[in-house]
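# What the coordinates show
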Amino acid sequence: MTNHPILRLEEVLKAYDQKIAVDRVTLSVPKGAIFGMLGPNGAGKTSLIRIITTITQADSGKVFLDGEPLNSKHPEFIGYMPEERGLYKKMKVGDHLLYLGRLKGLSKAQTEAEIRRWFEKLEISDWWNKKVEELSKGMQQKIQFIATVIHRPKLLILDEPFSGLDPINTNLIKDEIYQLHQEGTSIIFSTHRMEQVEEICEHIVLINQGKNILEGEVKAIRNQFKEHQFRIDFEGNLPEDLPSKVRTIKENGGSAVIQLLEGAESNQLLGYLIDRGVRIKAFNELLPSLNEIFIRQVEQSNAGLAAASGH
Amino acid sequence: MNKLWLIIQREYLTRVTRKSFILATLLTPFAFALFFVVVAVIFGYESDDSRKVAVIDKSAILQGALKDEKNLFFKFVDYDLDFLRKHLDSLQYDAILEVPPMDDVLANKYTLYYYAEDAPTLDIELMIKDRIRDAVREYKIRELNLERKQLEALETRVELDPEPLQEGGADSSTITSAIGAGIGMIMGFIMYIVVFVYGAMVMRSVMEEKTTRIVEVMISSVRPFHLMLGKIIGVGAVGLTQVAVWAILIPSLMFIVQVVFGIDTAQFSAMEPGAEIDPDDMEQMMALGLREIQNINWWLIFPLFVIYFLGGYFMYSSFFAAVGASMSDDLGEGQSLTLPIVIPVILALYIMMAAVQAPNSSLAVWSSIFPLFSPIVMPARLAFNPPAWEILVSVVLLIATSVSFVWLSGRIYRVGILMYGKKVTLKEFGKWMFRKM
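Residues numbered from 1 in each chain as written. Chains lettered and ligands numbered in written order. Predicted model: local features only at pLDDT ≥ 70, side-chain atom pairs only at ≥ 80, totals over all residues. Heavy atoms only, no water.

## Regarding the overall build of chain A
What counts here: Elements are defined by DSSP. Helices are runs of H or I of four residues or more, strands are runs of E of two residues or more, and each kind is numbered from the N terminus. The rule is simple: take the accessible area with a 1.4 Å probe, protein chains only, and divide by the maximum for that residue type; under 20% is buried, over 50% is exposed, in between is partly exposed. Whether two residues are in contact is decided by their heavy atoms: any pair within 4.5 Å suffices. Per-residue accessibility takes into account occlusion by the displayed protein chains alone, with areas from the Shrake-Rupley method and a 1.4 Å probe.
From N to C terminus, chain A includes nine helices and 14 strands. Expressed as a percentage of the 311 residues in chain A, the buried residues total 49%. Within chain A, counting contacts between residues at least 6 apart in sequence, those at least 24 apart form 68% of the total. Of the roughly 15,200 Å² that chain A leaves accessible, carbon and sulfur atoms contribute 47%.

## Looking at the sheet that holds strand β4 (residues 113-116) of chain B
All names here are of chain B. Applicable threshold: At least two bridges found by DSSP between two strands is the condition for calling them paired. All axes here are fitted lines through C-alpha atoms, helices being fitted over the stretch that makes contact, and every angle between N-to-C directions spans 0 to 180 degrees.
Within the open sheet, the four strands sit side by side as β2-β1-β3-β4. Their pairing is mixed. This sheet does not close on itself; its edge strands, each paired only once, are β2 (72-76) and β4. Strand-to-strand twist in this sheet, taken as the mean axis angle between neighbours without regard to direction, amounts to 25°. Two strands pair when backbone bridges link them, and strand β1 (residues 51-56) and β2 are joined in this way by five bridges, in the parallel orientation. When the sheet's bridge partners are listed, K52 is paired in β2 with F73. This element, helix α4 (residues 122-144), spans β1, β2, β3 (95-98) and β4 of the sheet and lies at about 45° to β2.

## Description of the pattern of salt bridges
The cut-off we apply is this: Any Lys or Arg side-chain nitrogen found within 4 Å of a carboxyl oxygen on Asp or Glu counts as a salt bridge.
Throughout the structure, instances matching the rule amount to 27 salt bridges over all chains. One salt bridge in this structure joins A:R50 and B:E216, with 3.0 Å as the shortest N-O distance. With A:R50 in helix α1 (residues 45-52) and B:E216 in helix α7 (residues 215-219), this pair bridges two chains. Linking B:E138 and B:R148 is a salt bridge whose minimum nitrogen-to-oxygen distance equals 3.1 Å. Pair noted here: B:E138 is in helix α4 and B:R148 is in helix α5 (residues 148-153), with a separation of 10 residues, a long-range link. The exposure class assigned to B:E138 is partly exposed, which follows from its relative accessible area of 32%. The class of B:R148 is partly exposed, set by a relative accessible area of 42%.

## What about a nonpolar patch on the surface?
Residues and elements named next belong to chain B. This is how the line gets drawn: Excluding any residue in a salt bridge, patches collect residues exceeding 30% relative accessible area, merging like charges within 9 Å and nonpolar Val, Leu, Ile, Met, Phe, Trp and Tyr side chains within 5 Å.
Together, F189, I193, V197, I346, Y350 and M353 make up a nonpolar patch on the protein surface, roughly 520 Å² of accessible area in all. Elements with a contribution of two residues or more to the nonpolar patch: α6 (174-211) and α12 (334-357). Within the secondary structure, I346 sits in helix α12. I346 gets classed as partly exposed once you look at its relative accessible area, which sits at 33%.

## Quick notes on the side chain of B:T212
How we decide: Definition of a polar contact: a pair of N or O atoms within 3.5 Å, with one able to donate and the other able to accept a hydrogen when the atoms are protein atoms, and with sequence-neighbouring residues admitted only if both atoms are side-chain atoms.
For B:T212, the position within the fold is in the loop between α6 and α7. In this structure B:T212 comes out as buried when scored by relative accessible area, which is 18%. In this structure the side chain of B:T212 is engaged in a polar contact, spanning 2.7 Å, whose partner is the backbone oxygen of B:E208. What B:T212 contacts, discounting residues up to four positions off in sequence, is A:R85, A:G86, A:L87 and A:K89.

## A word on the interface of chain B and chain A
Put simply, the test is: Buried area is calculated as the accessible area (1.4 Å probe) missing from two parts once they are joined, with the contributions of both summed.
Contacts between chain B and chain A engage 24 residues on the former and 29 residues on the latter. Taken together, both faces of the contact between chain B and chain A bury some 2,500 Å²; the carbon and sulfur share is 58%. Counting across the chain B and chain A interface gives two salt bridges. The salt bridge partner of B:K3 is A:E76, with a shortest N-O separation of 3.5 Å. In this structure, the connection of chain B to chain A is made through eight residue pairs in polar contact (both at pLDDT 80 or more). Secondary-structure elements contributing two or more residues to the side of chain B that touches chain A are α1 (2-16) and α7 of chain B.

## As for the nonpolar core
Selection criterion: Each nonpolar core is a collection of buried residues, namely Ala, Val, Leu, Ile, Met, Phe, Trp, Tyr and Cys, held together in the definition by side-chain atoms within 4.5 Å.
By size, the foremost hydrophobic cluster in this structure holds 149 residues, and its most contacted members are A:L7, A:L9, A:L97, A:F119, A:I143, A:F145 and A:I146. Here the element with the most residues in this core is helix α11 (residues 298-326) of chain B; it accounts for 14 residues. If near-sequence neighbours (up to four positions away) are discounted, A:I143 is found in contact with A:L87, A:V93, A:L97, A:I124, A:W127 and A:L135. Among the nonpolar cores identified, the runner-up in size contains 17 residues, and B:V55, B:L62, B:I124 and B:V136 belong to it.

## Digging into the pairing of β3(B)
Residue and element names in this part refer to chain B. Summarising the sheet, β1 and β3 pair through four bridges and their orientation is parallel. Within β3, the position partnered with A54 by the bridge is I96. Sheet topology places β3 next to β4; four bridges connect them, and they run antiparallel. Residue pairing for β4: L97 is matched across the bridge by Y114.

## Some details on the packing of α11(B) against helix α14 (residues 374-382) of chain B
All names here are of chain B. Under the convention used in this document: Working rule for angles: under 35 degrees goes down as roughly parallel, over 145 as roughly antiparallel, 65 to 115 as roughly perpendicular, anything else as oblique. Handedness of a helix crossing follows the sense of rotation of the near helix relative to the far helix, less than a right angle counterclockwise being left-handed and clockwise being right-handed. Gly counts as polar in this scheme, as do all residues outside two lists: the nonpolar Ala, Val, Leu, Ile, Met, Phe, Trp, Tyr, Cys and Pro, and the charged Asp, Glu, Lys and Arg.
Running from N to C, α11 and α14 cross one another at 165°; their axes reach a closest spacing of 9 Å. If you check the angle between α11 and α14, you find them roughly antiparallel. Pair α11 / α14 crosses with left-handed handedness. For the pair formed by α11 and α14, the contact residues are I301, L304, F305, Y308, G312, M315 and Y316 on the first element and S374, P375, M378, P379 and L382 on the second. Residues that form the contact of α11 with α14 fall into these classes: 10 nonpolar, two polar and no charged.

## Quick word on the packing of aromatic side chains
Residues and elements named next belong to chain A. To keep it simple, the criterion reads: Pairing of aromatic side chains requires ring centres within 6.5 Å, counting the rings of Phe and Tyr and the six-membered ring of Trp. Pairs whose planes differ by under 30 degrees are stacked, by over 60 edge-to-face, and all others tilted.
For the structure shown, the criterion picks out nine aromatic pairs over all chains. With a centroid separation of 6.2 Å and an interplanar angle of 85°, the aromatic rings of W118 and F145 are classed as edge-to-face. Here F145 lies in helix α4 (residues 137-149) and W118 lies in helix α3 (residues 108-121), a separation of 27 residues in the sequence. A relative accessible area of 2% places W118 in the buried class. Where F230 meets F283, the ring centres are 5.2 Å apart and the plane angle is 15°; that geometry is what we call stacked.

## What about unusual backbone geometry?
Here A:R24, not a glycine, exhibits a phi torsion of approximately 45°, which is positive. Along the chain, the position of A:R24 falls in strand β2 (residues 20-29). A positive phi is found at B:R213, a non-glycine position, where the angle reads about 60°. Within the secondary structure layout, B:R213 lies in the loop between α6 and α7.

So this is what it looks like as structure tokens:
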């Protein structure tokens with residue numbers, strides 16, 4: 001199996017009247033990954049997704065889907081659940097799914113089989129003849145999700161998939177996402193909710209003001225931004241004098257956050273403390289949360305842009 | 001193409017299977033028929049008070065002959081007027097009609113006297129006047145010793161038959177013009193209604209897709225242009241279905257109503273005073289009319305009707321689609337955007353009415369070539385045999401305009417449907433047309 005990414009963007013640029021929405025973005029989504037696309041509101045995520053889903057076209061740059069330059073046949077391999085989504089209120093659920101499935105190039109029989117499969121799976125077999133408007137918001141979201149994946153897309157793009165969902169339905173959809181991931185579907189997950197990304201995604205890209213400002217595996221990124229801080233839970237008292245390259249950031253009754261400076265080793269510190277008779281109960285490295293990285297990076301990039309435009 | 005077909009199917013089927021559509025389509029002809037019946041009953045309603053009228057005709061002008069009506073009975077009596085007036089009730093009469101002697105046979109005014117509690121109702125008055133006029137005519141013919149045949153010869157029916165200048169050119173008659181004008185008017189009105197009803201339906205539906213946010217889901221599967229075109233075609237087919245059902249149901253229901261209720265349509269025209277047509281004339285005109293209907297070149301006119309209908313529909317409704325796509329959630333603000341299409345359509349309707357009167361005036365000629373007017377104006381002129389080049393230029397212009405309207409609207413549409421919460425002006429329409437996606 002060739003190992004090219006499911007999606008590759010090269011120097012993609014898109015400008016509207018006065019605004020550059022996507023500014024020379026280059027990125028790769030590995031095949032089979034759950035890929036988080038993060039960024040503040042208005043960062044250009046939706047513009048980027050619209051280019052990938054062929055709703056709009058890039059002014060310049062290249063887009064490759066599964067190694068091929070993006071073409072008009074590709075929407076059939078992509079499942080897209082927009083943030084702004086809806087269904088025809090007056091249509092019957094079954095007819096609606098049939099319609100959307102067939103528009104994705106499936107035959108009538110294929111679509112029907114897929115719908116039945118999903119209906120059984122989600123235990124909603126009696127919904128076929130219900131009108132969309134008779135369903136609750138959460139139920140409609142389920143239908144929307146089925147509609148997005150009914151043609152078994154190679155690439156699934158979910159724009160804020162959990163907005164407006166209650167916790168039960170959120171978990172249900174989350175489970176389905178994991179299952180599709182198991183089956184090998186590549187998933188792009190666009191959101192500004194960091195805790196969801198941290199939970200779900202393996203890879204991320206951070207978009208700010210139309211630019212790719214950070215991209216990579218979640219673990220690697222968190223390591224990259226780690227500040228060598230450790231949390232120590234202990235019994236007894238910490239010694240007054242710590243090694244020269246160690247600072248105490250915070251301490252309160254049996255728990256402390258320690259900063260190791262350049263050249264200090266965690267093992268050395270641990271040995272030092274044990275030698276001083278401190279009983280260690282837990283010793284963890286504190287990695288920055290994506291949220292912290294996100295905020296820091298966005299601020300940094302905004303400052304950079306402001307400085308650049310100031311010249 | 002396959003996807004376009006799916007869209008057309010959905011747009012069509014969801015509408016024609018809707019209860020409101022089925023009801024409107026079926027009930028409207030019934031409402032027509034009901035209206036027809038009610039009107040017939042009202043017109044056919046006869047006064048139920050019967051009257052006995054005593055007629056005093058001392059000089060025998062009427063010769064004792066005055067035909068009874070359903071509820072109006074005449075009885076010639078020999079009593080004195082004074083005696084009758086006193087004993088009207090006991091003699092069981094309702095009214096007295098005094099026919100005075102005629103002093104001057106050549107006078108063209110003649111007054112009778114009607115004695116009753118109340119003044120005669122309009123229909124009784126008309127009926128009496130009618131009867132007396134005929135009787136007096138007979139009386140005068142007798143008194144003056146006139147020859148009946150000569151009298152009849154005095155009345156001449158004049159006709160003007162237009163003939164072609166070239167020999168062997170198409171012969172036509174004034175009836176052709178009348179029929180042509182009638183068909184053209186009907187065509188123009190249908191066009192006008194279709195534009196507003198179904199054009200507005202396209203607009204509402206586009207707007208609904210936008211406000212319910214289904215549109216972004218859709219255009220990740222199909223091209224926006226196909227979505228718009230599919231909707232226009234689907235709604236157009238709905239319109240054709242409705243018009244076709246009406247075209248069959250309304251005349252057949254009318255026919256059934258006539259048969260079942262025994263309502264005579266001629267009754268309506270007979271009610272209008274002075275609209276009496278000699279049955280012979282009527283028959284002649286019917287025959288002539290039928291012949292003229294056959295004479296009209298249907299093989300040319302019918303396809304042209306269809307072309308103008310489709311051209312007009314696509315042109316106007318695509319614009320409505322573009323407006324629908326540009327509107328935000330507020331229906332009201334679209335009204336001003338529809339003006340560029342509403343004004344030409346209304347103007348075209350008035351021009352059409354003028355064109356029927358003077359089909360070769362320069363107003364009619366130029367408006368039937370100008371594509372925004374031609375779908376409504378040209379059909380009204382077709383029966384008057386306009387020159388071929390005019391038809392050709394008009395059709396070519398119309399097709400070119402509709403195609404470019406659909407195309408340009410498609411460009412406005414694809415920008416508009418993704419634009420939220422922004423009030424759009426006509427100026428922006430222009431910008432969007434030439435924006436790349």
